[in-house]
Amino acid sequence: MDQVMTRKPHEMLAATLSQELDAVNALIRTRMASKHAPRIPEVTAHLVEAGGKRLRPMLTLAAARLCGYQGDQHLKLAATVEFIHTATLLHDDVVDESSQRRGRPTANLLWDNKSSVLVGDYLFSRSFQLMVETGSMRVLDILANASATIAEGEVLQMTAASNLKTDEDIYLQVVRGKTAALFSAATEVGGVIAGASEDQVKALFDYGDALGIAFQIADDLLDYQGDSKATGKNVGDDFRERKLTLPVIKAVAQATDEERVFWMRTIEKGKQEEGDLEQALALMAKYKTLEATRADAYGWATKARDALQALPDHEIRSMLSDLADYVVSRLN
């Protein structure tokens, strides 16, 4: 994990799966078209072509190949996963009133909130059409459940984000909803479409779940100690936006009465003053919550790697293991 990787694991995966990824991208472009509403491809292309890593659809392709799949239905599933992801981003930017994503203006800023919400709805509909075309009820069940879990997680986050009663269990539930659910569904359906054994399908689910949790915890930690040039966010953005993420949740759990008053003023009531971020960071340092959060992220990355042991010995398995290391290597 300490060695410098000249080529990042997701880049190695992309190179290995390049032909299938090209086919998925072509399918995405075809299915995001609309004869009657040109606004749909305009908005969708803005986000889809923004240079994202295509990590989630890549996980579906990788899982299918790892399990020896020879057909082409996994391409539809990979496109489905990307459409679900893109739809949630469009909706999230409206809810969060965001103005930038991946260094570009958001769709809701360039067009309007109505366009973002409705195009997101269209992409959800397209994703269900693609699911049905695979002819697998089990795949439909997995991805439909994931879509519901994502929406549930977003609503839970909205109500729990600034509530000091939010504990680590609720945080984990939010993370499983907004991030890990799609990771685990992406890997699970790859195994299912390949006809993998139940043990292998379970291992793929466990890998995606743990990878997604490690990914989100690392993101939340980087908000307080990351390089703003690398993350695209200013240090402390989550604090300013009154989001209770794991480093703060751990500090609140150990807070004195006086410290709790501080957290109540800044997070619950949103009455922030100059110097409050520095005070928050000092309290996190006092209780070593950044270190504890880092340990949690590494623990979930280890769970992801361990889950892979039930899967065939294959170059893809090694890349997926390296990917689990990579999502937390950003914390070094």
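Residues numbered from 1 in each chain as written. Predicted model: local features only at pLDDT ≥ 70, side-chain atom pairs only at ≥ 80, totals over all residues. Heavy atoms only, no water.

Participant: Before we move on, could you go through unusual backbone geometry and cite the residues and values that matter?
Facilitator: One non-glycine residue, Arg-242, lies in the positive phi region at around 60°. Relative to the assigned elements, Arg-242 resides in the loop between helix H12 (237–240) and helix H13 (246–253). You will see that Lys-288, though not glycine, has its phi angle at about 55°, which is positive. Mapped onto the secondary structure, Lys-288 falls in the loop between helix H15 (276–286) and helix H16 (289–307). By relative accessible area, which is 52% here, Lys-288 ends up exposed. (Helix = DSSP H or I, 4+ residues; strand = E, 2+ residues; numbered from the N terminus. Buried < 20%, exposed > 50% of the residue type's maximum accessible area, 1.4 Å probe, protein only.)

Participant: Break down the pattern of salt bridges for me, citing the residues and quoting the values.
Facilitator: Any two side chains of opposite charge can pair, given that their charged atoms come close. Enumeration according to the criterion identifies 17 salt bridges in this entry. Note that Glu-198 and Arg-138 form a salt bridge whose closest N and O atoms lie 2.8 Å from each other. Here Glu-198 is found in helix H10 (residues 198–225), whereas its partner Arg-138 is found in helix H8 (residues 137–160), with 60 residues between them in sequence. We classify Arg-138 as partly exposed; its relative accessible area is 35%. The salt bridge partner of Asp-325 is Arg-305, with a shortest N-O separation of 2.7 Å. (Salt bridge = Lys/Arg side-chain N within 4 Å of Asp/Glu carboxyl O.)

Participant: Let's hear about the side chain of Lys-250: which residues, and what values?
Facilitator: One can find Lys-250 in helix H13. Given a relative accessible area of 11%, Lys-250 falls into the buried group. Here Asp-296 takes part through its side chain, which lies 3.1 Å from a polar atom of the side chain of Lys-250. If near-sequence neighbours (up to four positions away) are discounted, Lys-250 is found in contact with Glu-168, Thr-289, Ala-292, Thr-293 and Asp-296. (Polar contact = N/O pair within 3.5 Å; in protein donor to acceptor, adjacent residues only side chain to side chain. Contact = heavy atoms within 4.5 Å.)

Participant: Can you explain the nonpolar core? Please cite residues and give values.
Facilitator: Membership of the largest hydrophobic core comes to 100 residues, with the highest contact counts inside it found for Leu-13, Leu-143, Tyr-207, Leu-211, Trp-263 and Leu-320. If near-sequence neighbours (up to four positions away) are discounted, Leu-211 is found in contact with Leu-59, Phe-183, Ala-304, Leu-323, Ala-324 and Val-327. (Core = buried A, V, L, I, M, F, W, Y, C linked by side-chain atoms within 4.5 Å.)

Participant: Please provide a residue-by-residue account of helix H7 (residues 113–133), values included.
Facilitator: In a regular helix each residue adds 1.5 Å, so 21 residues correspond to 30 Å; H7 covers 31 Å between its end C-alpha atoms and thus fits that length. All of the buried residues along H7 are Ser-115, Ser-116, Val-119, Gly-120, Tyr-122, Leu-123, Phe-124, Ser-127, Leu-130 and Met-131. Among the residues trailing H7, Gly-135 stands out with phi positive, at a value near 75°. (Expected span 1.5 Å × (residues − 1).)

Participant: Lay out the packing of helix H4 (residues 55–66) against helix H17 (residues 315–329) in plain terms, naming residues and giving numbers.
Facilitator: Running from N to C, H4 and H17 point in directions that differ by 145°, and their axes come no closer than 10 Å. As for how H4 packs across H17, the hand of that crossing is left-handed. When H4 is examined against H17, the residues Leu-55, Leu-59, Ala-62, Arg-65 and Leu-66 are found in contact with a partner set consisting of Ile-316, Arg-317, Leu-320 and Leu-323. Looking at side-chain class alone, the contact of H4 with H17 contains 7 nonpolar, no polar and 2 charged residues. (Axes fitted to C-alpha atoms, helices over the stretch in contact; angles between N-to-C directions. Left-handed = near helix turned anticlockwise from the far one by under 90°. Nonpolar A, V, L, I, M, F, W, Y, C, P; charged D, E, K, R; others polar.)

Participant: Pulling in residues and values, what's your account of the side chain of Arg-317?
Facilitator: Assignment of secondary structure puts Arg-317 in helix H17. A polar side-chain atom of Arg-317 sits 2.8 Å from the main-chain carbonyl oxygen of Leu-311. Discounting chain neighbours no more than four positions away, the residues touching Arg-317 are Leu-66, Leu-308, Gln-309, Leu-311 and Pro-312.

Participant: For H10, give the residues involved together with the corresponding values.
Facilitator: Here H10 spans 40 Å end to end across 28 residues, near enough to the 40 Å set by a 1.5 Å rise per residue. With 21 of 28 residues buried, H10 is to be regarded as a mostly interior element.

Participant: An account of the confidence of the model for the chain is needed here, citing residue identities and associated values.
Facilitator: In the predicted model, the chain carries a mean pLDDT of 88, and the fraction of residues at 70 or more is 87%. Throughout residues 1–5 the model reports pLDDT below 50, and contacts reaching past four residues in sequence, or to other chains, amount to 7 contacts. (pLDDT = per-residue confidence, 0-100.)

Participant: Please set out the packing of aromatic side chains residue by residue, giving values where relevant.
Facilitator: The geometry of two aromatic rings is summed up by the distance between their centres and the angle between their planes. Scanning the model with the defined rule gives 2 aromatic pairs in all. Between the aromatic rings of Phe-183 and Phe-215, the centroid separation amounts to 5.5 Å while the plane-to-plane angle is 45°, which identifies the pairing as tilted. You can see Phe-183 sitting in helix H9 (residues 168–193) and its partner Phe-215 sitting in helix H10, a full 32 residues away along the chain. Judged by relative accessible area, Phe-183 falls into the buried class, the value being 0%. For Phe-215, a relative accessible area of 19% puts it in the buried group. Their ring planes at 65° and their centres at 5.1 Å tell us that Phe-262 and Trp-263 sit as a pair that is edge-to-face. Above the ring of Trp-300, the side-chain terminus of Lys-303 is found at 3.9 Å from the ring centroid. Against the face of Phe-215 rests Arg-330, its NZ or CZ located 5.3 Å from the ring centre. (Phe/Tyr/Trp six-rings, centres within 6.5 Å; stacked < 30°, edge-to-face > 60°. Lys NZ or Arg CZ within 6 Å of the ring centre and 35° of its normal.)

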